[in-house]
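Structural features, examined
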Amino acid sequence: MEDTGIRLTANDRFKLASTNWTRIGLLAAVCLHLGLVVLVQPFEAADMGSVVKEIETINLPPEVDIPDPPEAIRRPATPRVSSVDISDEVTIERTTFDEAPPGQLPPPPQGGSAVDRPSFIPYDTAPVMLNPEEVQQVLQREYPRTLRSAQIEGRVELWLYVSEQGVVENFEVRTSSGNALLDEAAGRVAPAMRFTPAQSRDKVTAVWVRLWVAFQVT
C-alpha cells in the first residue's frame, strides 16, 4: 500500500470497521428471514365454523274490525228534594210496622173511615212540615201561662191524620205528658200545622203520622 502520508485516527478506523460489520449483519438478517419463509410452513387460519340461526315466521292474527264505541248514555238528572227545617221541639217520626205494630193500634169502628181512628197507611214519602216557625209561635201562645211561670215542661206525642192536601184533619194523644193541660195545649197546636202530602208509589195519599210536641221554658 502506498503510503499517502495521512494517518487514520482510531475513531476513523472504528467507523470504517463498523460500516463493514453493519453491511454483513444486514445481509445475514435478510438471508435468515428468507430461510424461515422457505423452511417454515405458512400460517393458516383455523376454521371456527359458522352458526346459522333459523328465522321462524309468525303468522299474525287476522285484523279485527273494532266498531266505534256507542254514544254515551245521558245520565239521568238527579232529583232535587226540597227540605224544610223543623224546630227540634216539633218532630215527626216515620210510622212503620216495626215502630207501631198494627196490633197496638185500636181498630177503626165498623163502618168508619181511616180519618176516624189511627191506623197504619203505607207510604213511600213522609209528609214534611211547611210552617215550623208559625207552629212554634202557636205553641208558645198555647203554652199554659201558669205552667210556664212554674217552669213545668213536658212532651206530648200525637197521632196526626194528614190529608191529601197536607192539612191536619184529626189527631189523638198517643203518649201523654202526664199533665192534662199540656195534652190539651198540644191538641190546639195540631190544627195550625201544614205539610206536604205523603206519597205512596208516586200517588198522593192521606196518612196517620206520629209527632212530638215539646213545651219548654226558654
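In the block above lies the structure referred to throughout.
Below is a short write-up of the structure. (Residues numbered from 1 in each chain as written. Predicted model: local features only at pLDDT ≥ 70, side-chain atom pairs only at ≥ 80, totals over all residues. Heavy atoms only, no water.)

Here's the deal with the packing of aromatic side chains
The full count for this structure, using the stated rule, is two aromatic pairs. Between the aromatic rings of Tyr161 and Trp208, the centroid separation amounts to 5.3 Å while the plane-to-plane angle is 55 degrees, which identifies the pairing as tilted. Here Tyr161, found in strand E3 (residues 154-162), pairs with Trp208, found in strand E8 (residues 207-215); they are 47 residues apart in sequence, far enough to count as distant. Classification of Trp208 by relative accessible area gives buried; the value is 1%. (Phe/Tyr/Trp six-rings, centres within 6.5 Å; stacked < 30°, edge-to-face > 60°. Helix = DSSP H or I, 4+ residues; strand = E, 2+ residues; numbered from the N terminus. Buried < 20%, exposed > 50% of the residue type's maximum accessible area, 1.4 Å probe, protein only.)

Some points on the environment of Gly187
Assignment of secondary structure puts Gly187 in helix H4 (residues 180-189). You can call Gly187 buried: its relative accessible area is 10%. C-alpha separation for the pair Gly187 and Leu160, spaced 27 residues apart in sequence, amounts to 9.9 Å.

A few points about the side chain of Ser163
You can see Ser163 is positioned in the loop between E3 and strand E4 (168-175). If we skip the residues at most four places from it in the chain, Ser163 touches Glu169, Pro197 and Ala206. (Contact = heavy atoms within 4.5 Å.)

Considering the pairing of E4
By the bridge criterion, six bridges tie E3 to E4 in an arrangement that is antiparallel. Residue Trp159 lies in a different strand from E4, and its bridge partner there is Glu172. Here E3 folds back onto E4, and the loop between the two strands holds five residues, one of which, Gly166, carries a positive phi near 80 degrees. (Pairing = 2+ DSSP bridges.)

Quick notes on the side chain of Glu157
On the secondary structure map, Glu157 appears in strand E3. Within the structure, the side chain of Glu157 is placed 2.6 Å from the side chain of Thr175, a separation counted as a polar contact. (Polar contact = N/O pair within 3.5 Å; in protein donor to acceptor, adjacent residues only side chain to side chain.)

Comments concerning a nonpolar patch on the surface
Taken together, the side chains of Leu26, Val30 and Leu34 define a hydrophobic patch exposed on the protein surface, amounting to about 300 Å² of accessible area. Tracing the backbone through its elements, the reader meets Leu34 in helix H1 (residues 10-39). Relative accessible area serves as the criterion here: at 55%, Leu34 is assigned to the exposed category. (Patch = residues over 30% accessible without salt bridge, like charges linked within 9 Å, V, L, I, M, F, W, Y side chains within 5 Å. Areas by Shrake-Rupley, 256 points an atom, 1.4 Å probe, with all protein chains shown as cover. Salt bridge = Lys/Arg side-chain N within 4 Å of Asp/Glu carboxyl O.)

Here's the deal with H4
A turn of α-helix holds 3.6 residues, and therefore any two residues three or four places apart point the same way. Residues of H4 that are buried: Leu182, Asp183, Ala185, Ala186, Gly187 and Val189. On its buried side, H4 packs onto helix H2 (132-142), helix H3 (145-149), E3, E4 and E8. Two or three places before Leu181, at the start of H4, stands the capping residue Asn179, its side-chain oxygen 2.9 Å from that residue's backbone nitrogen.

What about the pattern of salt bridges?
For the coordinates displayed, the defined rule picks out four salt bridges. The salt bridge partner of Arg117 is Glu172, with a shortest N-O separation of 3.2 Å. Separated by 55 residues along the polypeptide, Arg117 in the loop between strand E1 (90-93) and strand E2 (128-129) and Glu172 in strand E4 bring together distant segments of the chain. Relative accessible area serves as the criterion here: at 25%, Glu172 is assigned to the partly exposed category. Residue Arg174 is joined to Glu157 by a salt bridge in which the shortest nitrogen-to-oxygen separation is 3.0 Å. Placement of Arg174 in strand E4 and of Glu157 in strand E3 is noted, with a sequence separation of 17 residues between them. Owing to a relative accessible area of 31%, Arg174 belongs among the partly exposed residues under this scheme. Among the charged side chains, a salt-bridge network with shared partners connects Glu157, Arg174 and Arg210.

Here we look at the environment of Val135
Mapped onto the fold, Val135 is located in helix H2. Judged by relative accessible area, Val135 falls into the buried class, the value being 0%.

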